[in-house]
Amino acid sequence: MNGRRSRSEHEQGHTGPATGVDAVPAGGVYRLDGNENLTRRHDGPGLLECGPDDCLVAGMPRPGTVLRPGAVPARLAAPRPLTTADGKNPTPYGRRLADAVRRLPRATPVATP
């Protein structure tokens, strides 16, 4: 073993219709709670601040941003795998995190031209 911690990163893409972001929590170190929601634990610029059950959420959009399908409104990093070895599918943990990140911003559907 080389002493390095395993890590996994994922860009969380927006899959719904165009949505206006009303409010967003601060980025940092989060952990899934018993209700499958992310709870912010503390500031943290990287994985070194994460415990084994934590994840880093970064790159969230500012309020007023309109997310269109395919936009990347968040980046996740975790000390354990978020995708399968081939990178094509999320692990169960990765899917739970992705679903929880989708619930973080408070958003309102917007009309698109």
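Residues numbered from 1 in each chain as written. Predicted model: local features only at pLDDT ≥ 70, side-chain atom pairs only at ≥ 80, totals over all residues. Heavy atoms only, no water.

Asks: I'm lost on the nonpolar core in this one. Help?
Replies: Here is a general trend for soluble globular proteins: nonpolar side chains tend to be buried in one another's company. Ranked by size, the top nonpolar core spans 15 residues in total, and within it Leu38, Cys55, Val57, Tyr93 and Leu97 carry the most contacts. Mapped by element, the contributors of at least two residues to this core are strand 3 (28–32), strand 5 (54–58), strand 7 (74–78) and helix 1 (92–102). Among the elements that make up this core, the one with the highest residue count is helix 1 (four residues). Listed in part, the five residues of the second largest apolar core include Val29, Leu47, Leu56 and Ala77. (Core = buried A, V, L, I, M, F, W, Y, C linked by side-chain atoms within 4.5 Å. Buried < 20%, exposed > 50% of the residue type's maximum accessible area, 1.4 Å probe, protein only. Helix = DSSP H or I, 4+ residues; strand = E, 2+ residues; numbered from the N terminus.)

Asks: I tried to follow the sheet that holds strand 6 (residues 66–67) on my own but got confused; where do I start?
Replies: Across a sheet, paired strands are connected by hydrogen bonds in the backbone, their directions being either parallel or antiparallel. Strand order in this open sheet of three strands is 6-2-8, and the pairing throughout is antiparallel. Strands with a single pairing partner mark the edges of an open sheet, and in this sheet they are strand 6 and strand 8 (106–109). (Pairing = 2+ DSSP bridges.)

Asks: It is not clear to me how the packing of aromatic side chains should be interpreted in this structure. Could you clarify?
Replies: Any pair of aromatic rings gets described here by the distance separating the centres and the angle formed by the planes. What the rule picks out here adds up to zero aromatic pairs. Directly above the ring of Tyr93 sits Arg80, whose terminal nitrogen or CZ lies 3.7 Å from the centroid. (Phe/Tyr/Trp six-rings, centres within 6.5 Å; stacked < 30°, edge-to-face > 60°. Lys NZ or Arg CZ within 6 Å of the ring centre and 35° of its normal.)

Asks: How do you make sense of the pattern of salt bridges when you look at a structure like this?
Replies: Pairs may arise between side chains of opposite charge once their charged atoms sit close together. If you walk through the whole model with that rule in mind, you get six salt bridges. A salt bridge links Asp53 to Arg80; the nearest nitrogen and oxygen atoms lie 4.0 Å apart. Here the residue Asp53 occupies a position in the loop between strand 4 (38–42) and strand 5, and Arg80 occupies one in the loop between strand 7 and helix 1, the gap between them amounting to 27 residues. The exposure class assigned to Arg80 is partly exposed, which follows from its relative accessible area of 32%. A single network of salt bridges, built from pairs that share partners, joins Arg31, Arg41 and Asp54. (Salt bridge = Lys/Arg side-chain N within 4 Å of Asp/Glu carboxyl O.)

Asks: I'm lost on the confidence of the model for the protein chain in this one. Help?
Replies: Detailed reading of predicted coordinates is not advised where the pLDDT is low. Confidence along the protein chain averages 82 in pLDDT terms, with 85% of residues attaining 70 or more. Averaged pLDDT values over the elements of the protein chain bottom out at 59 in strand 1 (residues 8–12) and peak at 93 in strand 3. Every residue in residues 1–5 scores below 50 in pLDDT, and together they form five contacts with partners more than four places removed in sequence or on other chains. (pLDDT = per-residue confidence, 0-100. Contact = heavy atoms within 4.5 Å.)

Asks: Can you help me understand helix 1 in this one?
Replies: In an α-helix, one turn spans 3.6 residues; hence positions three or four apart end up facing the same way. Among all positions of helix 1, only Tyr93, Gly94, Leu97, Ala98, Ala100 and Val101 are buried. For helix 1, the angular spread of buried residues about the axis comes to 165 degrees, placing them on one side. (Arc of directions from axis to C-beta.)

Asks: Honestly, the side chain of Thr19 in this entry has me stumped. Any pointers?
Replies: Checked against the element boundaries, Thr19 lands in strand 2 (residues 19–23). Within polar-contact distance, the side chain of Thr19 engages the backbone oxygen of Pro17 at 2.7 Å. (Polar contact = N/O pair within 3.5 Å; in protein donor to acceptor, adjacent residues only side chain to side chain.)

Asks: Any chance you could explain the environment of His42 here in plain terms?
Replies: Tracing the backbone shows His42 in strand 4. Beyond its immediate sequence surroundings of up to four residues, His42 is in contact with Gly28, Val29 and Glu49.

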